[in-house]
Amino acid sequence: MIQPDDELLADAALGAAGGARHAELRVERTRFASAEARDGVLLGAGEGDSVGLSVRVLVDGTWGFAATTEVSVDAAARAAREAVEVSRVSAALNAERVELAPEPVHRAVWSSDYEVDPLEVPGAERAALLVDWTARLGSDQRVAHAEASLLAVQENKFYADLAGTRTTQRRVRIHPSATAVAVDPDTGEFDSMRTLAPPAGRGWEYVQGAGWDWDGELERLPELLAEKMAAPSVEPGSYDVVIDPSNLWLTIHESIGHATELDRALGYEAAYAGTSFATFDRLGELRYGSAVMHVTGDRTEPHGLATVGFDDEGVEAQSWDLVRDGILVGYQLNRAMAARQGFPRSNGCAFADSALHVPLQRMANVSLRPAAGGPSTEDLIAAAGEGIYVVGDKSWSIDMQRYNFQFTGQRFYRIRSGRLAGQLKDVAYQGTTTDFWGSMEAVGGEQTYVLGGAFNCGKGQPGQVAAVSHGCPSALFRQVRILNTSREAGR
């Protein structure tokens, strides 16, 4: 993981950044592998890599940035000189002087939690797994087609700055998925169901059963899909709803994760996901949800997709509160946003998806905390009495202030007399962020907590993507508005 030339690159780049108050070098070497299978046949597989370095400088309060795919001492020094020149040219256009919150000097080597690097597994073995999954699903007559895919990433970063920080990091993540499709030959009606297993900051051991029962889920999928095909359509109205972590993670991402990015709350960022209703003047006062709502930002959670040792500004990973007792108490920060708003320190939320991109303020693992000794999912269903149980994520929609939203799912179950009473279909739940989280009456205990997430959170112009996880327990919400998606689409 440690490259012997990285220190030489750092000396060359930082030594050439004359006049800079702050200068940083990032060297990135990323490898990735993907594969896809359908109906027992491999559709495609590939491997690739990207390598590059960048230098970012702060001269007289103005950023300068330069990057190259050439990784050499000469290229590092040249990039530093170019970055300084960019900052000087840009100074005339800069209406706001940039300051950075302080950060201690760090020297460390860090690696994420994994056992077997999936990039070191032979490509034929990765492909065979997906072919086997689709063949197993397709062997059931209730499944018309089966698809499976895998994406794995090994991300290596070296960071150095003028203050003396030097960090070397490796992150490994993996995203396996399988989908079954059913078709009614008489009506032509079709539907699909995907595995609930989330992407994870794990290695190849994940698909071998570490952290998820793949065999059990694949075995159950055809029966669950067949039940969904025969399920009655939901009657719209207001229902008590129990939401499984496999669905709730995405609601957290959209209505809390993006809304508590400070650059959005201040209006500095609007690309992809808009700004935020959770404006800075409401910090410490905004009632985000009910008193049982406790949400953290976390860059340290084991197997989290946004877990790091240090961010792309040399800030050590941390965990902190965003919402406590239902009140907005924090934001996600980088060093510039922290300094601008008077915070003593960044909480480590700077990230760039390649050496060729400038670090942006990006999302931590934003998670709803479980209740200590809290109820099981079955207990929450029993407390609902009459309602709907929501499992798995699917489509979603939210406005540019992260306030009005609608979410669907993979499976929905009717709750009658505190018990599951078969599946429903055509279900979506709708609400405003504060009303929805305000209706949360109870959260499950640690035994219901699951870390969901995605590889492809987008932000910025030019666009960047980042992987992020969101942990949560099962939770009970009272009187949530339920739509019938089939009727809505037929309007």
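This structure is a prediction, so every number in the text was calculated from the model and none was measured. (Residues numbered from 1 in each chain as written. Predicted model: local features only at pLDDT ≥ 70, side-chain atom pairs only at ≥ 80, totals over all residues. Heavy atoms only, no water.)

Would you explain the pattern of salt bridges in this entry?
Side chains carrying opposite charge are able to pair once their charged atoms draw close together. A complete count under the given rule lists 32 salt bridges for this structure. Among the ionic pairs, Glu 441 bridges to Arg 478, the shortest N-O distance being 2.9 Å. Here Glu 441, found in strand S19 (residues 440-443), pairs with Arg 478, found in strand S22 (residues 475-484); they are 37 residues apart in sequence, far enough to count as distant. Shared partners join several salt bridges into a network, and the residues in it are Arg 26, Glu 28, Lys 157 and Asp 312. (Salt bridge = Lys/Arg side-chain N within 4 Å of Asp/Glu carboxyl O. Helix = DSSP H or I, 4+ residues; strand = E, 2+ residues; numbered from the N terminus.)

What is the right way to look at the packing of helix H1 (residues 6-15) against helix H2 (residues 73-90) in this model?
It is the contact of H1 with H2, at a shortest axis distance of 7 Å, that shows an interaxial angle of 30 degrees. Classified by the angle their axes make, H1 and H2 are roughly parallel. Here the hand of the crossing between H1 and H2 comes out right-handed. Of the residues in H2, those touching H1 at Leu 8, Leu 9, Ala 12 and Ala 13 are Val 73, Ala 76, Ala 77 and Ala 80. (Axes fitted to C-alpha atoms, helices over the stretch in contact; angles between N-to-C directions. Parallel < 35°, antiparallel > 145°, perpendicular 65-115°, else oblique. Left-handed = near helix turned anticlockwise from the far one by under 90°. Contact = heavy atoms within 4.5 Å.)

How do you make sense of the packing of helix H3 (residues 123-138) against helix H4 (residues 214-230) when you look at a structure like this?
Direction vectors running N to C along H3 and H4 enclose 35 degrees, while the axes themselves pass 9 Å from each other. Judged by the twist between their axes, the crossing of H3 over H4 is right-handed. Counted together, Trp 133, Arg 136 and Leu 137 of H3 and Trp 214, Asp 215, Leu 218, Leu 221 and Pro 222 of H4 form the full contact between these two elements. In terms of residue class, the contact of H3 with H4 is made up of six nonpolar, no polar and two charged. (Nonpolar A, V, L, I, M, F, W, Y, C, P; charged D, E, K, R; others polar.)

Help me understand the side chain of Ser 276 in this model?
The residue Ser 276 is located in the loop between helix H6 (262-265) and strand S9 (295-298) in this model. Here Ala 259 takes part through its backbone oxygen, which lies 2.7 Å from a polar atom of the side chain of Ser 276. In terms of polar contacts, Ser 276 uses its side chain to reach the backbone amide nitrogen of Ala 278, at 2.9 Å. Discounting chain neighbours no more than four positions away, the residues touching Ser 276 are Ala 259, Arg 264, Ala 265, Met 400, Gln 401 and Arg 402. (Polar contact = N/O pair within 3.5 Å; in protein donor to acceptor, adjacent residues only side chain to side chain.)

Explain the environment of Ala 178 here, please?
By the element assignment, Ala 178 lies in strand S6 (residues 166-183). Between the alpha carbons of Ala 178 and Asn 156 there is a distance of 28 Å; along the sequence they are 22 residues apart. The residues touching Ala 178, leaving out its near neighbours within four places in the chain, are Trp 133, Leu 137, Glu 147, Ala 148, Met 193, Arg 194, Thr 195, Leu 218 and Leu 221.

Honestly, the packing of aromatic side chains in this entry has me stumped. Any pointers?
A ring pair, where both rings are aromatic, is described by two values, the distance of the centres and the angle of the planes. Under the counting rule described, the total for this entry stands at 14 aromatic pairs. With 5.4 Å between their ring centres and 55 degrees between their planes, Phe 277 and Tyr 288 make a pair best called tilted. On the criterion of sequence distance, the pair formed by Phe 277 in the loop between H6 and S9 and Tyr 288 in the loop between H6 and S9 is long-range, its members being eleven residues apart. Taking the centre distance of 5.1 Å and the plane angle of 55 degrees together, the rings of Phe 277 and Tyr 403 count as tilted. (Phe/Tyr/Trp six-rings, centres within 6.5 Å; stacked < 30°, edge-to-face > 60°.)

For this particular structure, what's the right way to read the pairing of strand S15 (residues 387-398)?
Regular strands place side chains that alternate from one sheet face to the opposite one. Two elements, strand S8 (residues 237-243) and S15, share four bridges in a ladder whose sense is parallel. Looking across to S15, one finds that Asp 240 is bridged to Gly 387. Strand direction decides the pairing type here: S15 and strand S16 (residues 404-416), joined by nine bridges, are antiparallel. Bridged to Ile 398 within S16 is Phe 405. What sits between S15 and S16 in their antiparallel hairpin is a turn of five residues, with Arg 402 showing a positive phi close to 60 degrees. (Pairing = 2+ DSSP bridges.)

Help me understand the sheet that holds strand S10 (residues 319-324), please; the structure alone is not making it clear to me.
Either a parallel or an antiparallel arrangement is found when strands of a sheet pair, and the pairing is made through backbone hydrogen bonds. Across the sheet, which stays open at both edges, the four strands sit in the order S11-S10-S9-S14 with antiparallel pairing between neighbours. The open sheet has two edge strands with one neighbour each: strand S11 (327-328) and strand S14 (365-368). With four bridges joining them, S9 and S14 adopt antiparallel strand pairing. Looking at the pairing, Thr 296 lines up with Ser 367 of S14. In this fold helix H5 (residues 245-257) packs onto S9 and S14, with an angle of close to 115 degrees to the strand it touches most, S14.

Help me understand unusual backbone geometry, please; the structure alone is not making it clear to me.
Negative phi values dominate among residues other than glycine, just as trans dominates among peptide bonds. Residue Pro 462 follows Gln 461 across a cis peptide bond; omega there is -5 degrees. Of note in this structure, Asp 39 is not a glycine but carries a positive phi near 50 degrees. By secondary structure assignment, the location of Asp 39 is in the loop between strand S1 (22-38) and strand S2 (41-59). The backbone phi angle of Asp 325 is positive, close to 55 degrees, even though this residue is not glycine.

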